[in-house]
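One letter stands for each residue in the lines below.
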Amino acid sequence: MWFEEYVGTNIPPAHVVNGHIYAAWGAYDYYRLTKNPTAQWMFNTAATTIRDYFTSYRRPGTISWYAASTYGQYVWGAPASYHKGVTNQLAILGRQTGDPAFATQSAQLLADYS
């Protein structure tokens, strides 16, 4: 499941990484306030997606892609400031979920651009 940042009838799915994570955090906050099980499911599913698609947006040894899809990579490339933000977002997801894979992924992105 991807929360798409850019949608439209003539726009292919881009799978923008940070936009997806921000949307997941919306579900996370909603769950914290309401204990709504659907919101919890949405957050968990969104976190799983970003973890499992890591190799789609990581570029070992350099800056990560802005998006996980080929279309998104072509359109937006790999901005340096964005890479640092996603590195931090992955670390936060690790704390939120308790899944150590996010800390590992965050460390890998940090090492890719240190």
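Further up the page is the structure itself.
Parameters at a glance
Residues numbered from 1 in each chain as written. Predicted model: local features only at pLDDT ≥ 70, side-chain atom pairs only at ≥ 80, totals over all residues. Heavy atoms only, no water. Salt bridge = Lys/Arg side-chain N within 4 Å of Asp/Glu carboxyl O. Buried < 20%, exposed > 50% of the residue type's maximum accessible area, 1.4 Å probe, protein only. Helix = DSSP H or I, 4+ residues; strand = E, 2+ residues; numbered from the N terminus. Core = buried A, V, L, I, M, F, W, Y, C linked by side-chain atoms within 4.5 Å. Contact = heavy atoms within 4.5 Å. Phe/Tyr/Trp six-rings, centres within 6.5 Å; stacked < 30°, edge-to-face > 60°. Axes fitted to C-alpha atoms, helices over the stretch in contact; angles between N-to-C directions. Parallel < 35°, antiparallel > 145°, perpendicular 65-115°, else oblique. Left-handed = near helix turned anticlockwise from the far one by under 90°. Nonpolar A, V, L, I, M, F, W, Y, C, P; charged D, E, K, R; others polar.

**Student:** Can you break down the pattern of salt bridges residue by residue, with the values?
**Tutor:** As enumerated under the stated definition, the model contains four salt bridges in all. The salt bridge partner of Arg51 is Asp52, with a shortest N-O separation of 2.9 Å. Taking the relative accessible area as the measure of exposure, Asp52 reaches 49% and is therefore partly exposed. When the shortest N-O distance is used, the salt bridge between Arg58 and Asp112 registers 2.7 Å. Note that Arg58 is positioned in the loop between helix H3 (54–57) and helix H4 (70–76) and Asp112 in helix H6 (residues 100–112), a separation of 54 residues in sequence. On the basis of relative accessibility, which here comes to 11%, the residue Asp112 falls in the buried class. Connected via shared salt-bridge partners are Arg51, Asp52 and Asp99.

**Student:** An account of the nonpolar core is needed here, citing residue identities and associated values.
**Tutor:** Nonpolar side chains in soluble globular proteins tend to be buried together. Of all hydrophobic cores here, the largest spans 24 residues; its most connected members are Val17, Ile50, Tyr57, Val86, Leu90 and Leu93. At the level of elements, helix H1 (17–34), helix H2 (37–52), H3, helix H5 (80–97) and H6 are the ones that each hand at least two residues to this core. A per-element tally of this core places H1 first, with five residues. Look past the residues within four positions of Leu93 in its chain and what remains in contact with it is Ile21, Trp25, Phe43, Ala47, Ile50, Gly98 and Phe102.

**Student:** Describe the packing of aromatic side chains, naming the residues involved and giving the relevant values.
**Tutor:** Summed over the entire model, instances satisfying the criterion amount to eight aromatic pairs. Ring centres of Tyr28 and Phe43 lie 4.9 Å apart, and the angle between their planes is 55 degrees; on these two criteria the pair is classed as tilted. Highlighted residues: Tyr28 in helix H1 and Phe43 in helix H2, separated in sequence by 15 residues. What makes Tyr28 partly exposed here is its relative accessible area of 23%.

**Student:** Talk me through the packing of H2 against H6; I want residue IDs and the actual numbers.
**Tutor:** Contact geometry for H2 and H6: axes closest at 10 Å, N-to-C directions at 40 degrees. The orientation of H2 relative to H6 falls into the category oblique. Of the two elements, H2 crosses H6, and the hand of that crossing is left-handed. Residue-level inspection shows Ala47, Ile50 and Arg51 of H2 in contact with H6, the latter providing Ala101, Phe102 and Gln105. Grouping the constituent residues of the contact of H2 with H6 by class yields four nonpolar, one polar and one charged.

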